[in-house]
Every structure is written in structure tokens, then in C-alpha cells.
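Observations on the three-dimensional arrangement
If you want the building blocks of each chain, they are given just below.
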Amino acid sequence: MTKTTFLRTILISSLGLLAACSSKLHLPLYENGGSDRKPIVRQSLIKSQQQVDNDHLSIQYLGVGGHLLSYKGTQIMTAPSFSNPHFMFAGPFFPMSADKEAIDTYMPEASKVEMVLVGHAHYDHLLDVPYVMQKHAPNAHVYGSNTTAHTLAPAIAAERIHALNDKMGDLSRPGEWVYSSSGKVRIMPIKADHAPHIMGLKFMGGSYDEDLDELPWHGFGWKEGQTLAFIIDFLNPDSSVAHRIFYQDAASQEPLGLVPDMGDNKAIDIAILCPAAFHQVDNYPESVVKNTQAKHFILGHWEDFFANDLSGPQRFLRLTDQDEFIERLEAAKPEDSTWVLPALFSTQHFLANGELVE
């Protein structure tokens, strides 16, 4: 480890411990607040899946960057994170591994998941993916950056891993569509970036250029790689788009992470945003909100996941101003759009135009 890396590690550890002192309150969750914002008092926003028409899209929040998306018997998942190691174990000095007991306890039924999408390869997004794919999603393929593919190589069969760096689009041009095994879902990777963690400093950056021999054993071994956002289309039998979702698991500096003109006149129904470290980049979430013009916005990766008790109330991520993010979102969103900061493991159901099923 270089002297610079060591000093940065000490700095972020110290700041994290200090931040913990101001992060002890369990903050309320809000939906569609405005000036008369009211906290959500329900632990779940949801009816059960059995109560909802099969034609509705459902999105369940799994914590951090994880979401389970289901439509007409087809499922995809964004990288879930249940292990949530303590902050002091997130550096290069202590061993880190997936908490299999936590995964088995909290992972919902995922045997129908066809695709696991990984926006970047930090441990809080990728650490649990090998075990999830081995035990809970045995039919799923994983999609992410070249670094994601090289990192997972020791644990997942090569035919189930798909690197997308050469398929990325950006604001100036669309990327390539990649289809699920059933052909009922397609995704398009969009070149994005990861906001600095604190004071303009980004940790666990870098990439891998070849397959690893074993999974990383400490937090800094899970390198970011190329960060991606995704456009996700659930398709009708005639190949038209039933639901279009924008997803990102890291705040990015515009124009990175913005959606190009897709050329098909299909609007984005739902956009999943990332409040974590939003203040470390300019014009976020405004840039993505105005770019996507979504009917509904979901705030993911919002809770403090260090040594997190998944069974109890959640608190907002340390060093992140919840109220500022919400106020800026409300000021930027289309007038008829809705938004929610979802409770952990809650599910929302949507009509074809992105409207919530009440």
C-alpha cells in the first residue's frame, strides 16, 4: 500500500467514526412530500403480490443498490447487499466475506431471476452476488463492467458472466441492447461515474484487467471499475416496451450517467436514483431528473449500511443530507411525477405508464 492510500484510509476511517456520532437518529421515510411532507408510518408500502394483478410491474427494495423487479413471471435484480460489514472492516486491513446467514434470512424468492445488474464493483454492491447467484438465483446471469467480470471469475461460471464495457452508450448515442435468456427483458448499459466519497476523494477506485484467482479478501480489493447506469425494458409479446426503467447505483457527474435519445419515442416510466454522496458532484439529482423526466422516482442506496441491523429501523446514510436531496428532487421533477424513499424490503406496484398502484 502506498503512503497516499494509507493516509486516505486513515482519513476516511476517522471521518466515518465522527459521522457515526451524528447518525444515531432513525429518520422517517417520506413520499411525495412538498411543504406538508408526512412521514411514512407503514413499514411496507405494499399489498402482497397475490393481491396485485399480474400485469403490474413490482419493484421491491432490497437495500443499498438492490432492487427486485418482477413483471408477468419474469424477474431481474440489481445487485443486492445484505452483509453490511462494519465500517472498520471496510478497508484493506481486515478480512471481509459475505454473511451467508443474513443473505439466507433476507433474500426473497429469486429462482426466476434472469439477470443481475451491477452498476459498479465495490463490495457494497458485489460482495454478496456470488453466493446469491450460487444458491438463490441459480438461473441468473450477471451483467456489469469488465472489472465486475474479472472480480467474479473465481466464483461464477464464465458463461454466466457478461462484461458490457464495449456495449455502453452515453448522452450522445445509444448503446447496444442486451437481452435476457427468455427475451422478455432487455438492458442497455450507459457510461456513468461514481461520485467521490468525501472531500472530493474517491476510494476503492481502479480496475482489473484479468480474471482474479480468488475473490478479494478485503474491502479495497473490490475495485470500482467502469461505473454503469442501465436502461431496463420489460417487453410485451409483440416486442413493444411495457415498462422502461432507468437505474443507477452511484451518483455521477453529468453528462456521465445521462440517457441518450433512444429514437423510439418511449418515455422512461420509473427512474431509480442514488442519494449517497450526491453532494460530491454538481447538479445531482437535477441533471438525471430533468434528463429522464420519469413518471416516478425511487430513491435507492439511501440507508446507512455499515453494521446495519436489517430487522430494525433504518437511518439515513452518514454525511448525507436527506432533506436537501428531497428538496432538490421536488424542485426539479415534472409537476405530475411522484417519488418515494422506500422502506427496506417494501414493494411498489406500477401501471404501464409508471403510475403507482394505490
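Our structure's up above, just so we're on the same page.
Residues numbered from 1 in each chain as written. Predicted model: local features only at pLDDT ≥ 70, side-chain atom pairs only at ≥ 80, totals over all residues. Heavy atoms only, no water.

Observations concerning the overall build of the protein
Each helix and strand counted, the protein has seven helices and 16 strands in total. In the protein, which comprises 358 residues, the share counted as buried stands at 56%. Residue pairs in contact within the protein that sit at least 24 positions apart in sequence constitute 72% of those at least 6 positions apart. For the protein, the exposed area adds up to about 15000 Å²; of that, 51% sits on carbon and sulfur atoms. (Helix = DSSP H or I, 4+ residues; strand = E, 2+ residues; numbered from the N terminus. Buried < 20%, exposed > 50% of the residue type's maximum accessible area, 1.4 Å probe, protein only. Contact = heavy atoms within 4.5 Å. Areas by Shrake-Rupley, 256 points an atom, 1.4 Å probe, with all protein chains shown as cover.)

What to know about helix α7 (residues 322-332)
For α7, every residue scored as buried is listed here: Q322, F325, I326, L329 and A332. Seen from one end, α7 has its buried residues packed into an arc of 135 degrees, which puts them on one side. The backbone nitrogen of D323 lies 3.1 Å from a side-chain oxygen of the residue at the head of α7, namely D321. (Arc of directions from axis to C-beta. Polar contact = N/O pair within 3.5 Å; in protein donor to acceptor, adjacent residues only side chain to side chain.)

Here we look at the sheet that holds strand β6 (residues 113-117)
Within the open sheet, the seven strands sit side by side as β8-β7-β6-β5-β4-β3-β16. Their pairing is mixed. The open sheet has two edge strands, β8 (161-163) and β16 (347-350), and neither has a second partner. If you compare each strand with its neighbour and ignore which way they point, the axes differ by 20 degrees on average. Relative to β16, strand β3 (residues 57-63) is paired through four bridges, and the arrangement is antiparallel. Within β16, the position partnered with Q60 by the bridge is T347. (Pairing = 2+ DSSP bridges. Axes fitted to C-alpha atoms, helices over the stretch in contact; angles between N-to-C directions.)

What to know about the pairing of strand β13 (residues 270-273)
Judged by which residues are buried, β13 turns out to be covered on both faces: I270 and I272 on one side and A271 and L273 on the other are all buried. Relative to β13, strand β12 (residues 241-248) runs parallel, the two sharing three bridges. Pairing of F246 across the sheet is with A271, part of β13. The sheet contact formed by β13 and strand β14 (residues 296-299) spans four bridges and is parallel. Along β14, the bridge assignment pairs I272 with I298.

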